[in-house]
Amino acid sequence: MGRVADVLAERLRSGPLHFTLIDPDKSPGEKAAAIAAGAVALGSDAILLGGSTGISREKMAAAARAVKSAVPVPTIIFPEGPSSITEVADAVLFMSLLNSRRLDLVIRVHARTAPLIRKLGLETIALGYLVIAPGMRVGEVGEVDVVPRDAPEVAVGYALAAELLGMRMVYLEAGSGAPSPVPAEMVHQVRTALGIPLIVGGGIRTGADARTLLDAGAQVLVTGTVTEEEGLGEGFRGILSEVRRARGG
Ligand code: 1GP
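All figures in this text were calculated on a predicted structure; none of them were measured in a lab.

*Asks:* Outline the pattern of salt bridges, listing residues and values.
*Replies:* Counting across every chain of the model gives 11 salt bridges. A salt bridge links Asp145 to Arg101; the shortest N-O distance between them is 2.5 Å. Taken as a pair, Asp145 in the loop between α5 (136-141) and α6 (152-164) and Arg101 in the loop between β4 (91-97) and α4 (103-120) lie far apart in primary sequence, 44 residues in all. You can call Arg101 exposed: its relative accessible area is 51%. In this structure, Arg205 engages Glu229 in a salt bridge whose closest nitrogen and oxygen atoms are separated by 3.3 Å. Of the two residues, Arg205 is situated in the loop between β7 (198-201) and α8 (207-216) and Glu229 in helix α9 (residues 225-230); the sequence distance between them amounts to 24 residues. For Arg205, a relative accessible area of 27% puts it in the partly exposed group. Each of Arg211, Glu242 and Arg245 takes part in one network of salt bridges that share partners.

Put into structure tokens, the structure is as follows:
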């Protein structure tokens with residue numbers, strides 16, 4: 001595989017993408033690979049490995065190895081800290097939690113981890129990660145000043161700042177398991193202002209959720225809970241069907 005950033009940029013030229021988030025703590029090794037294989041067969045474009053609890057390097061490496069041998073799409077670490085970084089994956093989302101009050105999550109963990117990442121030769125995708133209300137667990141653990149759902153202009157400011165700082169993507173996150181996804185109006189305003197790809201995740205459970213966000217301009221949808229709770233059932237299939245429709249296929 002070439003550089004993941006280039007693979008994704010190329011695919012984005014023909015329409016929106018879907019990433020499947022798998023937690024190696026809940027779905028270790030071959031179980032992660034089985035979910036990935038089913039998701040990719042339905043059209044998912046990349047596998048994100050991560051979760052909100054501390055995942056050991058060994059567990060992350062085992063999941064990444066199993067997923068990589070099961071599917072041809074990028075396997076990307078969605079880190080909750082430096083302990084899960086492994087060169088077995090194709091890339092890591094090198095993400096700054098933009099609206100956290102914890103300086104370590106904004107930049108200091110990155111400073112501690114950057115030498116290791118460079119040494120491993122692991123590709124990084126610099127990403128501005130912005131948590132929108134309700135924020136769920138990442139909002140609490142990350143000590144986030146969540147962006148209110150009725151304040152799209154605040155999200156636009158952060159997203160543009162991320163772009164101007166040279167980040168490659170912006171991720172609007174309502175929080176895993178959120179009762180509803182990021183508001184469509186916020187997605188629309190951020191997308192209209194932004195020149196880099198916009199990822200949206202948290203609380204996407206149905207095809208209707210996916211369609212609303214894609215119509216608003218989301219370029220990548222991330223889902224995790226829907227497969228953890230329902231497998232590759234109606235919800236997940238509906239979401240992938242909307243992504244394929246938006247790609248014109
Ligand atoms: C969480 O945005 C992702 O970081 C996915 O959220 O688990 O609600 O799909 P869900």
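*Asks:* Tell me about the environment of Glu163, residues and numbers included.
*Replies:* Summarising the element assignment, Glu163 is placed in helix α6. Owing to a relative accessible area of 24%, Glu163 belongs among the partly exposed residues under this scheme. For the pair Glu163 and Leu42, spaced 121 residues apart in the sequence, the C-alpha separation amounts to 32 Å. Within the local environment of Glu163, its side chain forms a polar contact with the backbone nitrogen of Gly195, the two atoms lying 2.7 Å apart.

*Asks:* So what's going on with the site of the ligand? Which residues, and what values?
*Replies:* Taken together, 14 residues form the shell around the ligand, and within it Glu173, Ser176, Gly177, Gly224 and Thr225 come nearest. Within the backbone of Gly177, one N or O atom sits 2.7 Å away from an oxygen atom of the ligand. Take Thr225: an N or O atom from its side chain is 2.5 Å from an oxygen atom of the ligand. When the ligand sits alone it has 310 Å² of accessible area, and the protein chains cover 96% of it.

*Asks:* Tell me what's going on with helix α10 (residues 234-246), and back it up with residues and numbers.
*Replies:* In this model α10 runs 18 Å from its N-terminal to its C-terminal C-alpha over 13 residues, within 8% of the 18 Å that 1.5 Å per residue would give. Looking only at α10, the buried set comprises Gly235, Phe236, Ile239, Leu240, Glu242 and Val243. Looking straight down α10, one finds that the buried residues subtend no more than 155° of arc, so they occupy a single side. Against β1 (17-22), α2 (29-41), α8, β8 (220-223) and α9 lie the buried residues of α10.

*Asks:* So what's going on with the environment of Pro24? Which residues, and what values?
*Replies:* Note on placement: Pro24 falls in the loop between β1 and α2. Each C-alpha atom of the pair Pro24 and Leu49 lies 6.6 Å from the other, and the pair is 25 residues apart in sequence. Beyond its immediate sequence surroundings of up to four residues, Pro24 is in contact with Leu49, Gly50, Ile55, Lys59, Met60 and Ala63.

*Asks:* Just give me the short version of the sheet that holds β4, but keep the residues and values in it.
*Replies:* Picture the strands of a sheet paired through backbone hydrogen bonds; they go either parallel or antiparallel. Spatial ordering of the closed barrel is given by β1-β2-β3-β4-β5-β6-β7-β8, a layout of 8 strands whose pairing is parallel. For this sheet the average axis-to-axis angle between neighbouring strands, irrespective of direction, equals 30°. Relative to β8, β1 runs parallel, the two sharing 4 bridges. Within β8, the position partnered with His18 by the bridge is Leu221.

What counts, and where the lines are drawn
- Residues numbered from 1 in each chain as written.
- Predicted model: local features only at pLDDT ≥ 70, side-chain atom pairs only at ≥ 80, totals over all residues.
- Heavy atoms only, no water.
- Salt bridge = Lys/Arg side-chain N within 4 Å of Asp/Glu carboxyl O.
- Helix = DSSP H or I, 4+ residues; strand = E, 2+ residues; numbered from the N terminus.
- Buried < 20%, exposed > 50% of the residue type's maximum accessible area, 1.4 Å probe, protein only.
- Polar contact = N/O pair within 3.5 Å; in protein donor to acceptor, adjacent residues only side chain to side chain.
- Near = heavy atom within 4 Å.
- Areas by Shrake-Rupley, 256 points an atom, 1.4 Å probe, with all protein chains shown as cover.
- Expected span 1.5 Å × (residues − 1).
- Arc of directions from axis to C-beta.
- Contact = heavy atoms within 4.5 Å.
- Pairing = 2+ DSSP bridges.
- Axes fitted to C-alpha atoms, helices over the stretch in contact; angles between N-to-C directions.

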